[in-house]
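# Residue-level structural notes
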Amino acid sequence: MDAFVSRKRRRISPTDEEETKIACLAEEESTDFKLAVLASLHPDIDHSALLEALLASNGVVDAASEHLLRAGSNKSPSKRRNTNSITGYQSTISSFSLKSKTAEPGAYVSKKPSAKKGKTLHLYSPEDIETTTPCSIIHNFLPPNEADALLHELLKEAPTFKREKFRLFENVVESPHTMCFYVDSWDEAERQKTEYVYNGSYIADVRKTLPEMRNVAVKVQEAVNAEIQRRIQIYYPGGQKLKYQSPDEWKPNAAFVNCYDGGAESVGYHSDQLTYLGPRAVIGSLSLGVAREFRVRRVVARDEDEGESDAKNGHFPGTIASSAPTRADAEGQISIHLPHNSLLVMHAEMQEEWKHSIAPASAIDPHPLAGNKRLNITYRCYKASLHPRFTPRCKCGVPTVLRCVQRKRENRGRYMWMCHANYTPGQEGCSFFQWAEFNDDGEPPWAKGVLGAKEAEGVAGSAT
Ligand SMILES: [Zn+2]
C-alpha cells in the first residue's frame, strides 16, 4: 500500500506527459478510491476525518496522509474540528433572489449564487439547479402509474444487483451501493460482456433492458434532446453547442441502474468514464423511490489565477462569463435534491469539469413502494466510433480508458488514452499514455474509416 505514496513522491524530472499522467493518476481517481487508500494507511481514523483531510488537501492522497500524520499526535482536537467543518451549514437559494426567467446567454453566471468552500448549497427548484450547475431537472417526469410500474420492475431486479469491485493494491474494495448494466438486446449484451472493457476487465452480468425501462427510454430520449437544445440556446456562448459535443440526436443505448438501499449506501465524488461515451457526454438520470442528495462540485484547476476568466481560456464555455469565482467559491459543494420520478440531465460540461456523488444520509423518508431504496437509471449513449476494437490498446493488450485532464492548467480539457488494467483485481497495469484527438463534433480520427458510409456522413455533416 505504500507504493502509491512513494511513487508520487519520487520525482525524477518527468517529461510533460509523464507529469501529466502522474498528476492525473493521483487526481482523477474517485473519492471512494482515494478514501480507500487513506483508510488503508490510517485504519484508526474515521471516515469523515479522512474525507475532510482529503478535501483540505485538494484531493491529493499523499498530502492528505501527511496532514493526518501531523494531526495524529493530537488526534481528538483534529477529529472534532473535522467533524464540524464537514457538516457545514445549509444555505438556501431563497436569499439570492434569482430571476432566471429573464436569463439571457451569459446571464447564467452573473446571477448564480456561490457555494463557499466547506459549505453546502442546497438546491430544489429547476431554475436554481440549471443556473447554478451543469444539470437540469424535470420533476414528476412520468405519469405516476408509469413511474410506479417502472419502480416495481426495478425492485424485482434489485436484489440481484452486485457491488462493483476494484483493486486497491493487495486489497479488493467494493462500491458502497449495488448496480447492474443493461443494453437493448441479448446480442448487444453478449458483445458488452466479451468486447467492452471496464477498469481493465469485462462485466460478467450484462442484461437486456426491461420492458418498462425500454418504454421509458423513449420518453427520456425526447426530453433529454429538448433539454440539450434548450441549454445550448440559453446557456452556451453564442447559442452554439460546445466544442467536442456531438451535434447528433442523443439516443440512449445503454443504462447503468444503481440501487442505494438505506441512507448509508452512497457513491463518492467521481466523474463518469467517457471511454465509450466520448467527450462532452450527456447522461439522463431517472430517480425512483427514496429521495436522496446528489452532490456536485466544480473541479478547479491548480495554479489558476484568481480573477482570470476561464471563458477566455476556452475551457469552460457556459460556466463563467463576467467574474470568475475564487477558488474557494468554486470548490464549495452543491446539493441537488432528487425526489421520486425526477429526471436529471447531466449536460455536456458536466463530466469534464465537475464531479458528482450521492451523499450518505443520516435519515431518509421511506418510500411507499421502495421502502429504503432509491433506484436510479442512468441512460447513456455509446458511440459506435468508440467501440473498443477501434480505440488504442495499451501494452497489456487491453483497450485503454479515455480521460480528461481536470486540474493541471496547461493541459486542462485535453483528453488522453491510458492503461486501466491495474484497477482490476489480479492484474498489473502498464504505463501506456497517448493524447486523444477529436474533431469539433467529438469524433476520433478513425471515425470516418470505421463507420459505415451513412454513419460517417451523419458524423461529418450534421452540424446544425
Ligand atoms: Zn496496460
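Here the structure is shown first, and the text comes after it.
The notes below deal with the structure included here. For clarity, every value in this text was computed on a predicted model and none was experimentally measured. (Residues numbered from 1 in each chain as written. Predicted model: local features only at pLDDT ≥ 70, side-chain atom pairs only at ≥ 80, totals over all residues. Heavy atoms only, no water.)

Quick look at the nonpolar core now. Generally speaking, nonpolar side chains in soluble globular proteins are found buried as a group. Cys135, Phe181, Tyr198, Phe294, Leu344 and Tyr382 are the most contacted members of the largest nonpolar core, which has 45 residues in total. Counting contributing residues per domain, this core is built from domain 2 (90–385) and domain 3 (392–461), each supplying no fewer than three. Sequence-distant contacts of phenylalanine 181, that is, excluding residues within four places in its chain, are made with Gln192, Tyr198, Ile203, Asp205, Val206, Arg207, Ala254, Ala255, Phe256 and Tyr382. Counting residues in each nonpolar core, the second largest holds 37 residues, with Cys259, Ala348, Ala370 and Leu375 among its members. (Core = buried A, V, L, I, M, F, W, Y, C linked by side-chain atoms within 4.5 Å. Buried < 20%, exposed > 50% of the residue type's maximum accessible area, 1.4 Å probe, protein only. Domains from an automatic or database assignment. Contact = heavy atoms within 4.5 Å.)

What follows concerns the coordination of the zinc ion. Octahedral metals with six donors have ideal donor angles of 90 or 180 degrees. Tetrahedral metals with four donors have an ideal donor angle of 109.5 degrees. Bound to the zinc ion are the protein donor atoms Cys394 (SG), Cys396 (SG), Cys419 (SG) and Cys430 (SG), situated 2.3 to 2.4 Å from the metal. Every donor counted, the four donor atoms about the zinc ion form angles of 105 to 116 degrees at the centre, which fits tetrahedral coordination. When its relative accessible area of 33% is taken as the criterion, cysteine 396 is described as partly exposed. The exposure class of cysteine 419 is buried, given its relative accessible area of 7%. (Donors = N, O, S within 2.8 Å, 3.2 Å for Na, K, Ca; no water. Tetrahedral: all angles 85-135°; square planar, octahedral: opposite > 155°, others 65-115°.)

Looking at where isoleucine 137 falls in the secondary structure, it is placed in strand E3 (residues 135–138). With a relative accessible area of 5%, isoleucine 137 lands in the buried category. Along the backbone, isoleucine 137 and leucine 286 are 149 residues apart, and their C-alpha atoms lie at a distance of 9.7 Å. Beyond its immediate sequence surroundings of up to four residues, isoleucine 137 is in contact with Pro126, Ile129, His337, Leu338, Ser342, Leu343 and Leu344. (Helix = DSSP H or I, 4+ residues; strand = E, 2+ residues; numbered from the N terminus.)

Let's shift gears to the sheet that holds strand E17 (residues 433–436). Taken in spatial order, the three strands make up an open sheet running E15-E16-E17, and their pairing is antiparallel. Every other strand in the sheet has two partners, leaving strand E15 (401–404) and E17 as the edge strands with one partner each. Strand-to-strand twist in this sheet, taken as the mean axis angle between neighbours without regard to direction, amounts to 30 degrees. Of the pairings in the sheet, the one linking strand E16 (residues 415–418) to E17 comprises four bridges and is antiparallel in character. Bridging across to E17, methionine 418 finds its partner in phenylalanine 433. (Pairing = 2+ DSSP bridges. Axes fitted to C-alpha atoms, helices over the stretch in contact; angles between N-to-C directions.)

What follows is about the pattern of salt bridges. Enumeration over the complete set of coordinates arrives at 15 salt bridges. As a salt-bridge pair, lysine 241 and aspartate 441 come within 3.2 Å of each other at their nearest N and O atoms. Taken together, the residues span a long stretch of sequence, with lysine 241 in the loop between helix H11 (211–235) and strand E7 (254–261) and aspartate 441 in the loop between E17 and helix H15 (447–450) at a distance of 200 residues. A relative accessible area of 22% means that lysine 241 is categorised as partly exposed. (Salt bridge = Lys/Arg side-chain N within 4 Å of Asp/Glu carboxyl O.)

This part takes up the packing of aromatic side chains. Counted by the stated rule, this structure contains nine aromatic pairs. An angle of 20 degrees between the planes, with centres 4.3 Å apart, marks the rings of phenylalanine 181 and phenylalanine 256 as stacked. With phenylalanine 181 in strand E5 (residues 171–183) and phenylalanine 256 in strand E7, this residue pair connects regions lying 75 residues apart in the sequence. A residue is classified by how much of its surface remains accessible, and phenylalanine 181, at 2% relative accessible area, is buried. Residues phenylalanine 433 and tryptophan 435 carry aromatic rings whose centres are separated by 5.1 Å and whose planes lie at 80 degrees to one another, so their mutual orientation is edge-to-face. Neither residue differs from the other here; phenylalanine 433 and tryptophan 435 are each classed as buried. Through pairs of rings, three or more aromatic residues link up here, namely Phe181, Tyr196, Phe256, Tyr276 and Tyr382. Here arginine 414 stacks its cationic end above the ring of tryptophan 435, 3.8 Å away from the centre of that ring. (Phe/Tyr/Trp six-rings, centres within 6.5 Å; stacked < 30°, edge-to-face > 60°. Lys NZ or Arg CZ within 6 Å of the ring centre and 35° of its normal.)

For the pair helix H9 (residues 144–157) and H11, interaxial distance at closest approach is 9 Å and the crossing angle is 135 degrees. Taken together, the axes of H9 and H11 lie oblique to each other. Both H9 and H11 take part in a crossing whose hand is left-handed. Along the contact surface, H9 presents Glu146, Ala149, Leu150, Glu153 and Leu154, while H11 presents Pro211, Glu212, Met213, Val216 and Lys219. (Parallel < 35°, antiparallel > 145°, perpendicular 65-115°, else oblique. Left-handed = near helix turned anticlockwise from the far one by under 90°.)

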